[in-house]
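# Residue-level structure breakdown
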Amino acid sequence: MFLDMFTETLALPHRSKIVTQAYIDFLASHFKQSHNGFHGLEHWLRVLINGRLIAADSGADLEVVEHFALIHDVMRDNENEDMYHGTRSANLSEALSGDWINLDRWQLNQLYEACQYHSMGRLTHDVTIQTCWDADRLDLGRVGTRPNPTYLGTKIARDPAFLEAAYKRSLKRFVRYEFDR
């Protein structure tokens, strides 16, 4: 019963041409940290959920948001301070362009910027990049921090009910993933 408070089944609500088991496996194979760590697979999936929910309200480009959720922390060297992991993930997104990432130049630039600056605490007027950053920031509960609405740029992310739901989700551990349903 106690374990049930912290685990639940994660079933992604719809198929995605971005989020596939093969893509997840490829990125996981490049991730040097524990897949169960603060910046591991469960974090990627919670950022994906947050991003999808925010994008549905903000009108952000869902393809960019989904790529960001999966790639933004892949190049971390450690779980603590790693000032250049965003730049390394941005560079990886460029390197994967045409292979795993099929975005036009504008979208690729958005993904690059979203990855490069996601941990800097910035705000932007670009709704897609801001959606990426908010999706990540809404998962701070996993490290014992409540997100500060001052650093959230989308209206829905600052909504108290949405913020609380994201915080509660950030505390959960997921036990099953379903990508290619």
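Right above here is the structure, for reference.
As a starting point, this report considers the structure included with it. (Residues numbered from 1 in each chain as written. Predicted model: local features only at pLDDT ≥ 70, side-chain atom pairs only at ≥ 80, totals over all residues. Heavy atoms only, no water.)

### Thoughts on the packing of helix H4 (residues 85–95) against helix H5 (residues 105–117)
- One way to put it is that H4 packs onto H5 with a least axis distance of 7 Å and a crossing angle of 160°. Considering the angle they form, H4 stands roughly antiparallel to H5. Regarding H4 and H5, the two cross each other, and that crossing is right-handed. Contacts from Gly 86, Thr 87, Ser 89, Ala 90, Asn 91, Ser 93 and Glu 94 of H4 reach H5 at Arg 105, Leu 108, Leu 111, Tyr 112, Cys 115 and Gln 116.
- Grouping the constituent residues of the contact of H4 with H5 by class yields five nonpolar, six polar and two charged. (Axes fitted to C-alpha atoms, helices over the stretch in contact; angles between N-to-C directions. Helix = DSSP H or I, 4+ residues; strand = E, 2+ residues; numbered from the N terminus. Parallel < 35°, antiparallel > 145°, perpendicular 65-115°, else oblique. Left-handed = near helix turned anticlockwise from the far one by under 90°. Contact = heavy atoms within 4.5 Å. Nonpolar A, V, L, I, M, F, W, Y, C, P; charged D, E, K, R; others polar.)

### Here's the deal with the packing of aromatic side chains
- Counted under the stated rule, the structure contains three aromatic pairs.
- With a centroid separation of 5.0 Å and 25° between ring planes, the pair formed by Phe 26 and Trp 100 is classed as stacked. Of the two residues, Phe 26 sits in helix H1 (residues 21–30) while Trp 100 sits in the loop between H4 and H5, which places them 74 residues apart along the sequence.
- The exposure class assigned to Trp 100 is partly exposed, which follows from its relative accessible area of 33%.
- On the numbers, 5.4 Å between centres and 75° between planes, the contact of Phe 31 with Trp 44 is edge-to-face. Pair noted here: Phe 31 is in the loop between H1 and helix H2 (41–58) and Trp 44 is in helix H2, with a separation of 13 residues, a long-range link.
- We classify Phe 31 as buried; its relative accessible area is 6%.
- Members of the aromatic cluster, connected to one another through ring pairs, are Tyr 23, Phe 26 and Trp 100.
- Just above the ring of Tyr 117 sits the side chain of Arg 122; from NZ or CZ to the centre is 4.0 Å. (Phe/Tyr/Trp six-rings, centres within 6.5 Å; stacked < 30°, edge-to-face > 60°. Buried < 20%, exposed > 50% of the residue type's maximum accessible area, 1.4 Å probe, protein only. Lys NZ or Arg CZ within 6 Å of the ring centre and 35° of its normal.)

### Here's the deal with H1
- Taken as a whole, H1 has its buried residues at Tyr 23, Ile 24, Leu 27 and Ala 28. Summarising the axial view, the buried residues of H1 lie within an arc of 130°, below the 170-degree limit, and thus occupy one face.
- Along its buried surface, H1 packs onto H2, helix H3 (62–71) and H4. (Arc of directions from axis to C-beta.)

### Details of the pattern of salt bridges
- Throughout the structure, instances matching the rule amount to seven salt bridges.
- Lys 17 is paired through a salt bridge with Glu 63; the nearest N and O atoms lie 3.3 Å apart. Within this pair, whereas Lys 17 is found in the loop between strand S1 (7–11) and H1, its partner Glu 63 is found in helix H3, the two being separated by 46 residues in sequence.
- A residue is classified by how much of its surface remains accessible, and Glu 63, at 23% relative accessible area, is partly exposed.
- Residue Arg 46 pairs with Asp 139 through a salt bridge whose shortest N-O separation is 2.7 Å. Here Asp 139 lies in the loop between helix H6 (127–137) and helix H7 (155–158) and Arg 46 lies in helix H2, a separation of 93 residues in the sequence.
- Counted as one network, the salt bridges with shared partners bring together Arg 46, Asp 139 and Arg 142. (Salt bridge = Lys/Arg side-chain N within 4 Å of Asp/Glu carboxyl O.)

Scope: geometric values only; no functional claims are made or implied.
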